[in-house]
Amino acid sequence: MKTKTYILLALVLSIWGIISFKIVSVVNPSTPEVLQQHYNMAFKPKFNKTIDTFSIQTVNRDPFLGTLLIREKPKTKNLKTKMDLVWLPIVYHGIISKQNSKAKVFIVSINGQQYLVKSGQVISEITLIRGNSKSILVSYKGVRKTIQKT
């Protein structure tokens, strides 16, 4: 019986010795040797002497459907230039509106005659598109022009 006790005591002490060694090695780790290596830290960029070129070409075939793409040509409008169009003399005098209303009435002189005009109203082929207290936007034969208050 004494031999079994000695064998078990030796076994228990060896297990506790291994456990304590692992704990001590984790708490006090040994520092590894660091070898310093000297690197050349100068930065020398490499320049590419070749230029990458490419060109963009139009694709005439749809890659998914395999059909030809047909683009419509933009319709050109016969717009009269501002130089060809002779504007009637238009003078913007101001704006009239009620305090609690959003409706605005503009005082405009067209060809020497004074009118009270609302947005969207047409007088002598001149349409008042919109306006504010500083300027109005009018349209005459399809050409738009901003007129400042005098």
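The structure presented is a predicted model; accordingly, all values stated were derived computationally and were not measured. (Residues numbered from 1 in each chain as written. Predicted model: local features only at pLDDT ≥ 70, side-chain atom pairs only at ≥ 80, totals over all residues. Heavy atoms only, no water.)

Trainee: How would you explain the overall build of the protein if you had to name every residue and give the values?
Mentor: Scanning the protein for helices and strands turns up one helix and seven strands. Taking 150 residues into account, the globule formula puts the C-alpha radius of gyration at 15 Å, and the protein, at 46 Å, lies well above it. Counting only C-alpha atoms, the protein reaches 135 × 60 × 50 Å along its principal axes. Across the 150 residues of the protein, 15% fall into the buried class. Long-range pairs, those at least 24 residues apart, make up 26% of the contacts in the protein with a sequence separation of at least 6. Of the roughly 14,600 Å² that the protein leaves accessible, carbon and sulfur atoms contribute 59%. In the protein, which carries 23 positive and 6 negative side-chain charges, the distance between the mean positions of the two groups comes to 13 Å. (Helix = DSSP H or I, 4+ residues; strand = E, 2+ residues; numbered from the N terminus. Rg over C-alpha atoms; globule rule 2.2 N^0.38 Å. Buried < 20%, exposed > 50% of the residue type's maximum accessible area, 1.4 Å probe, protein only. Contact = heavy atoms within 4.5 Å. Areas by Shrake-Rupley, 256 points an atom, 1.4 Å probe, with all protein chains shown as cover. Lys, Arg positive; Asp, Glu negative; His and termini not counted. Charge placed at Lys NZ, Arg CZ, Asp CG, Glu CD.)

Trainee: Break down the pairing of strand β6 (residues 135-140) for me, with residues and values.
Mentor: Within β6, six of the six residues are buried, which leaves the element mostly enclosed by the surrounding structure. Going residue by residue along β6, you find Ser135, Leu137 and Ser139 tucked away on one face and Ile136, Val138 and Tyr140 tucked away on the opposite face as well. In this antiparallel pair of consecutive strands, strand β5 (residues 126-131) and β6, the connection spans three residues. In terms of strand pairing, β6 meets strand β7 (residues 143-148) through six bridges, oriented antiparallel. Within β7, the residue paired with valine 138 across the bridge is lysine 145. Remark: two residues form the turn of the hairpin made by β6 and β7, two consecutive strands paired antiparallel; lysine 141 in that turn has positive phi of roughly 55°. (Pairing = 2+ DSSP bridges.)

Trainee: Before we move on, can you summarise the sheet that holds strand β1 (residues 90-97) with the specific residues and values?
Mentor: Ordered in space as β1-β2-β3, the three strands form an open sheet in which the pairing is antiparallel. A strand with exactly one partner marks an edge of an open sheet, and here the two such strands are β1 and β3 (113-117). Strand-to-strand twist across the sheet, computed as the mean angle between neighbouring axes with direction ignored, equals 20°. Judged from the seven bridges that link them, β1 and strand β2 (residues 104-110) form a sheet pairing that is antiparallel. Looking at β2, one finds that isoleucine 95 is bridged to phenylalanine 106. (Axes fitted to C-alpha atoms, helices over the stretch in contact; angles between N-to-C directions.)

Trainee: Hey, could you go over the side chain of serine 135 for me, with residue numbers and the actual values?
Mentor: Looking at where serine 135 falls in the secondary structure, it is placed in strand β6. Assessed through its relative accessible area of 15%, serine 135 is described here as buried. Not counting the four nearest positions on each side in its chain, serine 135 is found in contact with Tyr92, Thr146, Ile147, Gln148 and Lys149.

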